[in-house]
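Secondary and tertiary structure notes
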Amino acid sequence: MPALGADMDAGTLTEWLVHPGDQVEKGDIVAIIETDKSTVEAECFDSGTIGELLVEPGTRVPVGTALATITMAAPVSAPVPAAEPHRPKPPEPEPEPEPAPGARVPSARPRTRRAPREAPGPGGGRRPPPAPKVSSPLVRHLAHQRGVDLGEIEGTGPSGEITRADVEHAAPARVKASPLARRLAAELNVDLATVTGSGYGGAIRADDVRAGAKAARPAARLDRGEPRPAEGPAADRLESMRQAIARAMARSKREIPHYYLTSAIDLARAMDWLRRRNRRLPVEDRIIPSALLLKAAAVALREVPRLNGFWADDGFVPADRVHLGVAISLRDGGLIAPALHDADDLPLADLMAGLRDLVARARTGRLRGSELTDPTITVTNLGDQGVESVHGVIYPPQVALVGFGAILDRPWAVDGLLGVRPVVSATLSADHRATDGRTGGCYLQAVDRLLQRPEELS
Amino acid sequence: MNAVLKTTYREAVRAALREALLRDERVFLMGEDVGRYGGCFAVSLGLLEEFGPERIRDTPLSESAFVGAGIGAAMNGMRPIVEIMTVNFSLLALDQILNNAATLLHMSGGQVPVPLVVRMTTGAGRQLAAQHSHSLEGWYAHIPGLRILAPATLEDARGMLWTALQDPDPVLIFEHGSLYNVAGELPADTGAVGIDRAAVRRAGGDVSLITYGGTLAKALDAAGELSGDGIEAEVIDLRSLRPLDDATVIDSVRRTHRAVVVDEGWRSGSLSAEITTRIVEQAFYDLDAPIERVCTAEVPIPYARHLEEAAIPQVADIVDAVHRVVGAGG
Amino acid sequence: MTHTRDPVGEHRRELLRQMLRIRRFEEKCAELYSAAEIRGFLHLYIGEEAVAVGALQALTEEDNVVSTYREHGHALARGVPASSIMAEMYGRATGCSRGRGGSMHLFDVGRRFYGGNAIVAGGLPIALGLALADRLRGDRRVTACFFGDGAAAEGEFHECLNLAALWRLPVLFSCENNLYAMGTALAVEHKETDLAVRAATYEIPSWPVDGMDVVAVEEAARHAAEAVREGGGPHFLELRTYRFRAHSMYDPDRYRDKAEIEAWKRHDPIDGLARRENVTRDELELIEKEVAAEISEAIEFAEAAPLEPVADLTRFVHSERTGAG
């Protein structure tokens, strides 16, 4: 059971996506795991053959419990060690296609997983390779599950392999919903894909559907004899998340000596630049100021890396990449801060797209495990609440949290002249064990400086 | 106004036996220690003195012989009530119960009805260990040709026997051993009760707790506790384990959309599995959560109190199961 | 009438006729089994006819009979029509158990014939119960309970002998000792092979009888049944007999010596009685003709009989109640 958050001590395996004997590649999603906070996809960190599944779906096990055995893929030249002596040897995996020279595989995150070439079936040479398109066993399994003909799909993998995402695109996952919820959805004309599940394993339950139906309906119709609006069906889940937040925050305040620094930053140039840039773009591609702030917060960490990393074993462990934990409040309450991977490296447009995607998935409970464990620092922006400044609590074992308040028009003196400028209050909460105020000050200065040259952030 | 009697489950069963012996001279009671000893659980205490040894018959420890003799007597016009000390001992008569009592009518093309009533104790909770504590009524409920009753209340302890005696076919009555001392009140004129329908012992709209016999009281206790948490459980007492009253169960689940089955039998291949399956078969599109079962751990019932308690369904287990079913995920 | 009035002779000719009915009926059954008209298990009584015919002479119509899976002979001797037995073996609706019992489960409650029981010793407790009910009501009936030597190895045998003796129940235990429990010889599975002696240890009057001699069987049974009827408690007859054919149609009969079978065949109860009574060839032919006609009619009846509708499959699992309720 992977630890998918510092505060997680156990998780429930809700679904296996692989079977014994399946070939898996490092980075493949092999299981769905339910934590106190979210439903996440567990990825596999080795390539090889799945041996035995050790944990039954529905079982809650402590972090660190082995979930499955995996026979590691042997080097290409060496024979594959057979898992069971009396079974025919599993087919040797084909070597992975080399990435194009010079092309950097971005962050090795599984969003563009490479699928292995189709391994020959157990029948050996009996069958000729059936199709030019290749796909992993996991992808074939998924395709079979969803009744997708792989021959009909255009692969988007590096060499045209069909990826899991391609299959998911071709046939969206069946939403997990109780039989009653499914029936009600049909009766109330609610699309289950738009409903957030509050039940076990994120399953949609009747009350979720009723809530969805209510939300979709004009308010005027509500006072008629409509079905009773939802009343806390998600209460347990929220309660559980509340407990998780409580544990993490209490631990933080107990263990971490926080210090706080605040800078007011003039955003006149930044807002100006954004306006000009957005004017040229279709609405869906426009950048919101928050994205720019995130980008600045990420890039500034390159200059002040001592705020980017973890406090572990009485020492600071720097992170070698910048994964911004973005605090997202969920619609029905609760808070989650999944990682925007390599935020410092992402072009602004990609960062914006990544942010949208992250928010959407956080709110539908489909985050990946790595997104919950990877953040190296957290950024919280309560600007749209009208909050002036945020003095946040650090999410352990991180060592810093950056808070942004609302961008407000303020009187601002420049070169001895008073004018009205859009100003944001940037606050740093930092772990005094890892850094001192001077380091924090350097960081806020860097953020400020970067935001004065927004074009360089794009 | 009815007069109300203070009584116990044991006294209620005894009153039912007395009434049957008084009302129908074809009725006689037969079993190990039912006469001079007064019944292993003192149910038949005093009956020998009142009705004599011809009608209150002590038998040798020959379960197969005296259960089979009950079958033969029933075939030949009598209305025997056979008592077996515990369900574990009934296995010594399983041949007679299954191969003869349950089978003769069909095998003879309808010629040989067997109007036999067999009573026995069942269940754990008294530290009697693994050969006196099992709940095997679910096995018997597997057998076509038998009717299986599980009186869980004083009223049913008093009223089911006479109705069972009117049945032309074999009826097995399972009395949970922990119930005999249960005290309560009954109207003085309490009489026969129907045995075809399950009973809703507590109404509620959030979850259906389906149980019978010895675990009814636990389910009701759990429901009381849950009510404090704002969860209203409907508690259904099956009363008849074969045939099962699907209608009452399904009607409840259609209203609550959630079900927890509580059964002191083992889980695998069990009555709880049967009930769960019927709900899924008949009310699948009304279910808003997976069905939970609270059953006995898959071990022979151990002697030590703490182990026995851990083995069999307890109120806390039922409460937890309901929370899993009613509460949100996670 | 060519022969003189002779009640004893006439009765013995009737015994002969009954035994021949059973013999010819069962030979036909074997043939029909080979032709796949009869299926399931088929246990033939050939060689043991004197036991059923002799013992049942001692019973009145009011008495009860409990039998085993080798019960064609008991049913025929009790008066169950050959046609309804044959129809049962054909699995027809007009069979004596409406096609639900087959060869091993012939029932005719109107004749107080409480069935063939295919669990060895499974009928003994039932016989006790039938007798107990009679006793409690004060009916002076006898319950004849047939079982084989194999039953003596079952716990139920001992439970029931004890209980019947203890309660002085009116049961006539009729043990057909044919020396083999399926393929296992009596001596292979019992230390004490004298079953009458073992029954006597329960203080039940018991004695062995030559089961190949119908007259001896009848005499013993009459004596025992009268004692039972008079309140003498259970009696036990060990009827020593032999089946000429294998245990069932499935049985290759590898466990018996051919010579042993041939030796027993020299004591054929039918031949023996015919010889002793000086039955003429003409008389025999006449009986054979009657019997053959009865069997032909039984087969015609069975072949023409309707099948029970499948819609009635689950009938008789529970009693069919009439009226409200």
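Note that the structure is predicted; figures quoted are calculated from it, not measured. (Residues numbered from 1 in each chain as written. Chains lettered and ligands numbered in written order. Predicted model: local features only at pLDDT ≥ 70, side-chain atom pairs only at ≥ 80, totals over all residues.)

**Concerning the overall build of chain B**
- Looking only at helices and strands, one finds 13 helices and 14 strands in chain B.
- Expressed as a percentage of contacts within chain B between residues at least 6 apart in sequence, the contacts between residues at least 24 apart total 79%. (Helix = DSSP H or I, 4+ residues; strand = E, 2+ residues; numbered from the N terminus. Contact = placed C-beta atoms within 7 Å.)

**Here we look at the overall build of chain C**
- The helix and strand tally for chain C stands at 12 helices and 8 strands.
- Within chain C, the fraction of its 325 residues that count as buried is 52%.
- Here the analysis covers contacts within chain C between residues at least 6 apart in sequence; of these, 76% occur between residues at least 24 apart. (Buried ≥ 20, exposed ≤ 12 C-beta atoms within 10 Å, placed from the backbone.)

**Describing helix α11 (residues 269–276) of chain C**
Residue and element names in this part refer to chain C.
- Every buried residue of α11 is listed here: P269, I270, L273 and A274. Buried positions in α11, seen along its axis, are confined to an arc of 130 degrees and lie on one side of it. Projecting away from the buried face of α11 at angles above 90 degrees are the exposed residues D271 and R275.
- Packing partners of the buried residues in α11 comprise α1 (7–34), α2 (49–56), α9 (214–229) and α12 (281–304).
- Just downstream of α11 lies N278, where phi reads positive at about 55 degrees. (Arc of directions from axis to C-beta.)

**Side note on the environment of R141 of chain C**
All names here are of chain C.
- Tracing the chain through its elements places R141 in the loop between α5 (123–137) and β3 (143–148).
- We classify R141 as buried; it has 21 C-beta atoms within 10 Å.
- Ignoring sequence-local partners within four residues, the contact set of R141 consists of E62, D63, N64, D134 and P170.

**Side note on the sheet that holds strand β11 (residues 233–237) of chain B**
Residue and element names in this part refer to chain B.
- Spatial strand order, β9-β11-β10-β13-β14: 5 strands in an open sheet with mixed pairing. The open sheet terminates on both sides in strands that have one partner only, identified here as β9 (199–202) and β14 (292–296). When strand polarity is set aside, the average angle formed by the axes of neighbouring strands in this sheet is 25 degrees.
- Where strand β10 (residues 207–211) and β11 come together, 5 bridges link them in parallel fashion. Bridge pairing in β11 places V207 opposite A233.
- Sheet strands in contact with helix α9 (residues 216–228) are β9, β10, β11 and β13 (259–266), and its direction is about 170 degrees off that of β11. (Pairing = 2+ DSSP bridges. Axes fitted to C-alpha atoms, helices over the stretch in contact; angles between N-to-C directions.)

**A word on the interface of chain C and chain B**
- Between chain C and chain B, the contact holds 33 residues from the first and 36 residues from the second.
- Elements with a contribution of two residues or more to the side of chain C that touches chain B: β2 (113–117), α5 and α6 (155–166) of chain C.
- Here the residues of the side of chain C that touches chain B sort into 17 nonpolar, 10 polar and 6 charged. (Nonpolar A, V, L, I, M, F, W, Y, C, P; charged D, E, K, R; others polar.)

**With respect to the pairing of strand β3 (residues 29–34) of chain A**
All names here are of chain A.
- Most of β3 is tucked away: 6 of the 6 residues are buried.
- Relative to β3, strand β1 (residues 10–16) runs antiparallel, the two being bridged by 4 bridges. By the bridge assignment for β3, T12 is matched with E34.
- By the bridge criterion, 5 bridges tie β3 to strand β4 (residues 39–43) in an arrangement that is antiparallel. Within β4, the position partnered with I32 by the bridge is E41.

**So, the sheet that holds strand β2 (residues 27–31) of chain B**
Residue and element names in this part refer to chain B.
- Ordered in space as β3-β2-β4-β5-β7-β6-β12, the 7 strands form an open sheet in which the pairing is mixed. Here the strands that pair on one side only, and so sit at the sheet edges, are β3 (56–58) and β12 (240–242). For this sheet, the mean angle separating the axes of adjacent strands, direction not counted, is 20 degrees.
- Direction of pairing for strand β4 (residues 79–86) relative to strand β5 (residues 117–122): parallel, over a ladder of 5 bridges. Residue pairing for β5: E83 is matched across the bridge by R119.

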